[in-house]
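Tertiary structure, described
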Amino acid sequence: MSGRAVLVTGASRGIGRAIATAFAADGDRVAIHHRDSADLAEALRAELPGEGHTTVQADIADPAEVRRMVDEAAKALGGIDVLVNNAGVFFHHPITEVSYEDWQAAWRRTLDTNLVGAANATWCAVRHMKRGGRIVNVSSRGAFRGEPDGPAYGASKAGMNALGQSLAIALAPHGITVGTVAPGFVETDMTNEHLKAPRGDAIRAQSPFGRVAMPEEIAAAALYLASPAAEWASGTIIDLNGASYLRS
Ligand code: NAD
């Protein structure tokens, strides 16, 4: 079997889809993880360049499903060389507007998916990895800059940054690296609503390029963090934002 074995979570659309495509174009075999998008995942598998790709299903917030899914991916690909923790959710839950019950639900679901889900997938994947293994986490600008409409999201991504730094130390003796990419706004289903006028215009104006990122630009960073050359990037958080937030 040629290329590396790469598991990408939340890969049926958006940034995950672009990441899966970039790895396949680089000659790797990809396990396309999805929760409830079997049709989309299968369509992507069929159109990816190269051979040996597969699809796997799990609710990433369910620890038992994650363990089964990672084991299935490893079996289909013959191990795991790279795990990309990309699956994530954003819930709108401003503190002054939502009920206590909705507040609880947003926090639990967000942390279970974005943070604990990534931690669990990593625990499982590491058991299939050899020296040279790579973990790539997709964090967010929300980790650094506040998310007033979705505070659980920002907290989950800040947690993901801390998770990556801790595991970079813990896994270095095993020859495994952990790198994190933290994008600003990217054009995907997650940001559809945010990017509509007039708020979208203000968001685009944050970058001197006058736009937001495309998923392929995040995939390029993920590919680098997973490359053999990126051992020295372990523990790094790439703040990928098109020179946004630099103006005084
Ligand atoms: P998206 O909504 O298109 O993709 C998210 C993916 O995660 C989907 O495929 C979804 O099915 C999957 N997912 C969500 N909950 C899941 C669960 N419980 N189990 C399994 N899969 C689940 O959005 P996207 O923009 O492509 O987001 C991908 C990642 O990038 C997320 O972690 C997101 O937080 C992060 N991110 C996005 C942006 C942005 O502006 N779009 C910016 C920074 C970071």
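Residues numbered from 1 in each chain as written. Predicted model: local features only at pLDDT ≥ 70, side-chain atom pairs only at ≥ 80, totals over all residues. Heavy atoms only, no water.

Of the regular secondary structure elements, the protein holds eight helices and seven strands. Taking 18 Å as the expected radius of gyration for a compact globule of 248 residues, we find that the protein reaches 17 Å, a close match to that expectation. Oriented by its inertia axes, the alpha-carbon framework of the protein measures out at about 50 × 40 × 40 Å. Here the contacts in the protein between residues at least 6 apart in sequence split such that 71% fall between residues at least 24 apart. Carbon and sulfur atoms provide 55% of the accessible area of the protein, an area that totals close to 11,600 Å². One way to put it: in the protein the 23 positive side-chain charges average out to a point 5 Å from where the 27 negative ones average out. (Helix = DSSP H or I, 4+ residues; strand = E, 2+ residues; numbered from the N terminus. Rg over C-alpha atoms; globule rule 2.2 N^0.38 Å. Contact = heavy atoms within 4.5 Å. Areas by Shrake-Rupley, 256 points an atom, 1.4 Å probe, with all protein chains shown as cover. Lys, Arg positive; Asp, Glu negative; His and termini not counted. Charge placed at Lys NZ, Arg CZ, Asp CG, Glu CD.)

The next thing to look at is the site of the ligand. Taken together, 29 residues form the shell around the ligand, and within it Arg13, Asn86, Tyr153, Val186 and Thr188 come nearest. At 3.3 Å, a backbone N or O of glycine 88 approaches an oxygen atom of the ligand. For the ligand, the protein covers 96% of the area, taking 810 Å² as the surface of the free molecule. Put simply, the ligand lies in the largest pocket. Going through the elements one at a time, helix H1 (14–25), helix H4 (100–126) and helix H6 (151–171) are the ones with two or more residues in the shell around the ligand. (Near = heavy atom within 4 Å. Polar contact = N/O pair within 3.5 Å; in protein donor to acceptor, adjacent residues only side chain to side chain. 1 Å grid on protein atoms, 1.4 Å probe; cavity = no way out; pocket = protein on both sides within 12 Å on 5 of 7 lines; lining within 4 Å. Sits in = over half its atoms within 2 Å of the grid points.)

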